[in-house]
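Each chain, written out:
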Amino acid sequence: MELTIIRDLAHKPCRFKLRSGKEVYGVIWEVETNETRRLFFASVRDYERAQHDPLRPIEVIPMQPEEIMHAESLAS
């Protein structure tokens, strides 16, 4: 999936269909460090927990744009 589309869905609860055929629900966001940009995915619950308590560890999964075949926002 194109990064521009993913950026429109960043920081919002979404449903993602992955290249593997798996469907996952969560939040994706982009982090820029040392001239590189990376995408990360977490469950909605973990993402919200990180927003309220940034020192508490959460389970984060690095993602590649090409792994995402379809994304749909669940936010109204």
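Described in the following lines is the structure provided in the data block. Just so we're clear, the structure is a prediction, and the values are computed from it rather than from any experiment.

1. A word on the pairing of strand β3 (residues 36-42)
A regular strand carries its side chains on alternate faces of the sheet. Judged from the seven bridges that link them, strand β2 (residues 23-33) and β3 form a sheet pairing that is antiparallel. Bridged to glutamate 32 within β3 is arginine 37. Taking the residues between adjacent antiparallel strands as the criterion, β2 and β3 are bridged by two residues, where asparagine 34 takes a positive phi near 45°. Sheet topology places β3 next to strand β4 (residues 61-63); three bridges connect them, and they run antiparallel. Among the inter-strand pairings, leucine 39 is bridged to a residue of β4, identified as methionine 63.

2. A word on the packing of aromatic side chains
Tallying each qualifying case throughout the model produces three aromatic pairs. Relative to phenylalanine 41, the ring of phenylalanine 16 lies with its centre 5.8 Å away and its plane at 85°, an arrangement referred to as edge-to-face. One end of the pair, phenylalanine 16, is in strand β1 (residues 14-18); the other, phenylalanine 41, is in strand β3, and 25 residues separate them in sequence. The two residues phenylalanine 16 and phenylalanine 41 agree in class, both being buried. Between tryptophan 29 and tyrosine 47, the ring centres sit 5.3 Å apart and the planes meet at 45°, which makes this aromatic pair tilted.

3. Looking at the pattern of salt bridges
Counted by the stated rule, this structure contains five salt bridges. If you follow the salt bridges from partner to partner, you end up with Arg7, Glu30, Glu32 and Arg37 in one network.

4. Section: the environment of isoleucine 5
Mapping isoleucine 5 onto the fold places it in helix α1 (residues 3-9). Residue isoleucine 5 is classed as partly exposed on the basis of its relative accessible area, which comes to 40%. Isoleucine 5 sits 15 residues away from serine 20 along the chain, and the two C-alpha atoms are 20 Å apart.

5. Quick word on the sheet that holds β2
Judged by pairing direction, the sheet is antiparallel, and its five strands sit side by side in the order β4-β3-β2-β1-β5 without closing on themselves. Strands at the two margins of the open sheet, each flanked by one partner only, are β4 and β5 (68-73). Neighbour to neighbour, the strand axes of the sheet diverge by 45° on average, direction disregarded.

What counts, and at which threshold
Residue numbers restart at each chain and count upward from 1, following the sequence in its written direction. Side-chain atom pairs in this predicted model are given and counted only at pLDDT of 80 or more, local residue features only at pLDDT of at least 70, and totals for whole chains, interfaces and linings cover all residues. Only hydrogens and water are removed before side-chain values are computed, so all heavy atoms of the structure are retained for them. We treat two strands as partners when DSSP finds at least two bridges between them. Put simply, DSSP H or I for four residues or longer makes a helix, DSSP E for two residues or longer makes a strand, and each gets a number counted from the N terminus. Each Phe, Tyr or Trp ring (for Trp, its six-membered ring) is paired with any other whose centre lies within 6.5 Å, and the angle between the two planes then decides the class: stacked below 30 degrees, edge-to-face above 60, tilted in between. Relative accessible area decides the class of each residue, using a 1.4 Å probe on protein chains only: under 20% of the type maximum gives buried, over 50% gives exposed, and in between gives partly exposed. Counted as salt bridges are all cases of a side-chain nitrogen of Lys or Arg within 4 Å of a carboxyl oxygen of Asp or Glu. Note on geometry: axes are C-alpha line fits, over the in-contact stretch for helices, and angles between N-to-C directions span 0 to 180 degrees.

Everything listed is a geometric property; what it means functionally is a separate question.
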